[in-house]
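Listed below are the residues making up each chain.
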Amino acid sequence: MAVGLCTVVVGASAQGTHTWPTKPIRILVGFPGGSTPDMAARAIAEPLGRALGQPVIVENKPGASGNIATDQVAKATDDHTLGVVINGNLTSAKMLYPRLPYDPAKDFSYISLLATAPLVLIAPMSAPDGAAFFDAARKAGDTWNYGSVGTGSVGHLGMELMKAKMPGLMPQHIPYQGNPQVVTAMMGGQIQMALVPPGIAQPQAKGGKLKVIGLTTSGRSVLMPEAPSLADAGVKDFQLEVWTALIGPASLSKAAQDRLALEMPKIMQNPDVRRLLFNQGWQAVGTSAEGLKTRIKEESATMAKIIAARGIKIE
């Protein structure tokens, strides 16, 4: 399995009298390099390493829509393993995978929401704009495909919600390991539509390689002010975000949780971190552990409705 490493080397003197960490820290990411959670992890790695006085290493362990790496975080016992995950790993995974090897409600220490973004509906450059795109999609029936970063991901469930809101829309789902692979598949003609974060869509759109149909917002977004809302194309009451979060195993020591609770708000308010994330298509957020738990609870309820209404199952 390919593993990408990003190491931040800092002086141990930054630790002061803190009892944690005592060795390098790993952040596991369940998606390939260049994916949205990978970008978020690498944005915080350097400032976190400096704050903690230990190297921070980002390791890419893609597979199973990020659930393999998430499970490894849950089972980590070294007190120095963390994870950057996406919505689905903590909200919809338990509903979709009866044999999911971890329990999102019990197996983690929740640290902070990192960043959020609306999703962007992209299509090939040859596709028509706005409402005409959906007319073409309906006419194509089930001969069109859409891509996502995996079954149960926000991109997958978001497309199914869109299909529920747009009668006659019938594209078939094809899962990929990460959004870079989704983009490659679209440019290769394997898929005709996909919901991806702005950081993935914007460079391709500016380069004239893919077309933006609209955002999953009620209005314009500061992340892509030039892009219309999907409401302008006839998709009403459709608001959905993708987000990333920093978590640790439930066994993470109180010293580690307290230190991270102290440092992460500062890092997420750091102008350089906020600028980097913004340039990658993210709005930096940063929350308390309780704030992240609330977000998970609220979104889990939303995703449960989508899964039940569309009858989504994973064998």
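Residues numbered from 1 in each chain as written. Predicted model: local features only at pLDDT ≥ 70, side-chain atom pairs only at ≥ 80, totals over all residues. Heavy atoms only, no water.

Participant: What am I meant to see in the overall build of the chain here?
Facilitator: Each helix and strand in the chain was counted, giving 11 helices and 12 strands. The C-alpha radius of gyration of the chain comes to 19 Å, within 12% of the 20 Å expected for a compact globule of 315 residues. For the C-alpha atoms alone, the extent of the chain along its principal axes is close to 65 × 40 × 35 Å. Relative to its full complement of 315 residues, the chain shows a buried share of 57%. When contacts within the chain are restricted to residue pairs at least 6 apart in sequence, those whose partners lie at least 24 apart make up 79%. (Helix = DSSP H or I, 4+ residues; strand = E, 2+ residues; numbered from the N terminus. Rg over C-alpha atoms; globule rule 2.2 N^0.38 Å. Buried < 20%, exposed > 50% of the residue type's maximum accessible area, 1.4 Å probe, protein only. Contact = heavy atoms within 4.5 Å.)

Participant: What should I look at first to understand the pattern of salt bridges in this one?
Facilitator: Should their charged atoms come close, side chains of opposite charge can pair. Under the criterion given, the structure shown has 15 salt bridges. In this structure, E46 engages R50 in a salt bridge whose closest nitrogen and oxygen atoms are separated by 2.5 Å. Taken as a pair, E46 and R50 lie in helix α1 (residues 36-52) at a separation of 4 residues, close to a single helical turn. You can call R50 exposed: its relative accessible area is 54%. Through salt bridges with shared partners, a single ionic network connects R26, E59 and K61. (Salt bridge = Lys/Arg side-chain N within 4 Å of Asp/Glu carboxyl O.)

Participant: Sorry if this is basic, but what is going on with the side chain of Q192 here?
Facilitator: Residue placement: Q192 occurs in the loop between α7 (179-187) and β9 (193-196). At 2.6 Å, the side chain of Q192 forms a polar contact with the backbone nitrogen of N145. Within the structure, Q192 has its side chain in polar contact with the backbone oxygen of G189 (distance 3.5 Å). Apart from the residues within four sequence positions on either side, Q192 is in contact with I122, A123, P124, F133, T143, W144, N145 and M186. (Polar contact = N/O pair within 3.5 Å; in protein donor to acceptor, adjacent residues only side chain to side chain.)

Participant: Looking at this structure, I do not really get the pairing of strand β4 (residues 81-86). What am I missing?
Facilitator: Consecutive side chains along a regular strand alternate between the two faces of the sheet. Most of β4 is tucked away, with 6 of its 6 residues classed as buried. The pairing of strand β2 (residues 25-29) with β4 spans 4 bridges and is parallel. Each residue of the ladder has a partner; that of R26, found in β4, is T81. (Pairing = 2+ DSSP bridges.)

Participant: Explanation requested: the confidence of the model for the chain in the structure shown.
Facilitator: Caution applies to low-pLDDT regions: their predicted coordinates should not be interpreted in detail. When the pLDDT values of the chain are averaged, the result is 91; 94% of them are 70 or greater. Between residues 7-16, whose pLDDT stays under 50, and residues either more than four places distant or in other chains, the model counts 25 contacts. (pLDDT = per-residue confidence, 0-100.)

Participant: Could you clarify how one ought to interpret the packing of helix α6 (residues 154-165) against helix α11 (residues 289-310) in this entry?
Facilitator: Axes are the key here: two packed helices are described by the angle between their axes and the distance separating the axes. Across the interface, α6 lies against α11 with an axial gap of 10 Å and an inter-helix angle of 55 degrees. Of the possible angle classes, the one that applies to α6 and α11 is oblique. The crossing of α6 and α11 is left-handed. Along its contact with α6, which presents V154, L157, E160, L161, K163 and A164, the element α11 presents E299, M303, I306, I307 and R310. Split into classes, the residues belonging to the contact of α6 with α11 amount to 7 nonpolar, no polar and 4 charged. (Axes fitted to C-alpha atoms, helices over the stretch in contact; angles between N-to-C directions. Parallel < 35°, antiparallel > 145°, perpendicular 65-115°, else oblique. Left-handed = near helix turned anticlockwise from the far one by under 90°. Nonpolar A, V, L, I, M, F, W, Y, C, P; charged D, E, K, R; others polar.)

Participant: So what exactly am I meant to see when it comes to unusual backbone geometry here?
Facilitator: Trans is the common state for peptide bonds, and a negative phi is the common state for residues other than glycine. Backbone torsion omega between W20 and P21 reads 0 degrees, so that peptide bond is classified as cis. Of note, P21 is situated in the loop between β1 (5-7) and β2. One non-glycine residue, A64, lies in positive phi territory at about 55 degrees. Assignment of secondary structure puts A64 in the loop between β3 (56-60) and α2 (67-75). Owing to a relative accessible area of 42%, A64 belongs among the partly exposed residues under this scheme. Unlike most non-glycine residues, D237 shows phi in positive territory, near 50 degrees. By the element assignment, D237 lies in the loop between β10 (210-215) and β11 (241-249). Classification of D237 as exposed rests on a relative accessible area of 71%.

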